[in-house]
Amino acid sequence: MRNRIAVIGECMIELSHLAPDRLAVGYAGDAFNVAAYLARTAAPGTADVQFVTLIGDDPYSALMRESWAAHGVGSAHTRAVPGGQAGLYLIRTDEAGERTFHYYRSQSAARGLFGPAHPPELDDAIADHDLVYLSGITLSILGTEARTRLLTVLDETRRRGGRVAFDTNYRPAGWPSPAAAAEAMSTVLTRTDIALPTFTDDQAVFGDRIPTDTIRRLRQAGVTEMAVKQGPQGSLLADTKTTIEIPAVPHVKVIDTTAAGDAFNGAYLATRLTGTPPAQAAETATTLAAQVITHQGALLPPTPART
């Protein structure tokens, strides 16, 4: 069975430092990273991954779309906005491999998602997928009316038998306050089947003291499957009743932690969609995340095309 997955978000021009005065150009963004790693991990013939966004008609947007195809990600539900342009961000990493992001995206075409420039027929197309994925960063670029339209799409997805996966992925610069982020994210969590948060994000947004607080809150929201990522402490995997610990891969030489959580999410979803038990899926996801943090930038080089 070929699962149809729609990943909603923004892909940007990524500039990462090779040296203080030299930058490497790539194309990434949290939701797109998940799409790329989902397509990379999925067994041949098991996943049709489509990225849903708005891009510009500038040269970099065209190159970006080509890069999606190289990673096995489709763009059937992406539209180019005349006169629009792609957002941009720079990554700086410290000696421990921890990253800092600097965004230049106020005029990004993707900010029009679910707005007047987003054709209404795409709402129906998105809702017809087996799985719809989005993140807190996706929410942060949408206005109030666009978020309401998105919620309607998520409701319709579930009504048709599809599932919703959500990572609360939090970047403070995208929100007026943690309370505003919590309010918007909570409306999605009540429509979420699979939650894939990072504990430090939920600690900052919701005030969770310990990871089990996160699990308790997600269960109260109606989430039935969750993996709470904890970086070098591994992850906590839970359903409505049980919780188990998944350890991190030990002794990894960290170069760049960018997209480690995205890699986990993509690999976890790809593996779960084939019926693999959650614990085994989380182990696969943990292994991929450990590989990603030994590499500079968000995305590993594309693998050869598979059928």
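This text follows the structure it describes.
Residues numbered from 1 in each chain as written. Predicted model: local features only at pLDDT ≥ 70, side-chain atom pairs only at ≥ 80, totals over all residues. Heavy atoms only, no water.

Caption draft 1: Fine view of the sheet that holds strand β11 (residues 194-195). Overall, mixed pairing links the 8 strands, which are arranged β4-β1-β9-β10-β11-β12-β13-β14 in an open sheet. Edge strands, defined here as strands with exactly one partner in the open sheet, are β4 (47-52) and β14 (243-246). In this structure, strand β1 (residues 3-8) lies alongside β4, joined through 6 bridges in parallel fashion. Directly across from Val7, in β4, lies its bridge partner Phe51. (Pairing = 2+ DSSP bridges. Helix = DSSP H or I, 4+ residues; strand = E, 2+ residues; numbered from the N terminus.)

Caption draft 2: Broad picture of helix α7 (residues 199-206). Three or more residues of α7 are buried, namely Phe199, Asp201, Asp202 and Val205. Down the axis of α7, the buried side of the element spans an arc of 155°, and every buried residue falls inside it. Looking at the buried side of α7, the elements it contacts are α6 (178-189), α8 (211-221) and β12 (225-229). (Buried < 20%, exposed > 50% of the residue type's maximum accessible area, 1.4 Å probe, protein only. Arc of directions from axis to C-beta. Contact = heavy atoms within 4.5 Å.)

Caption draft 3: Representation of the side chain of Ser140 in the model. If you trace the backbone, Ser140 turns up in helix α4 (residues 136-140). A distance of 2.7 Å separates the side chain of Ser140 from the backbone oxygen of Ile137, its partner in a polar contact. Excluding residues that lie within four positions of it along the chain, Ser140 makes contacts with Arg111, Arg147, Gly174 and Trp175. (Polar contact = N/O pair within 3.5 Å; in protein donor to acceptor, adjacent residues only side chain to side chain.)

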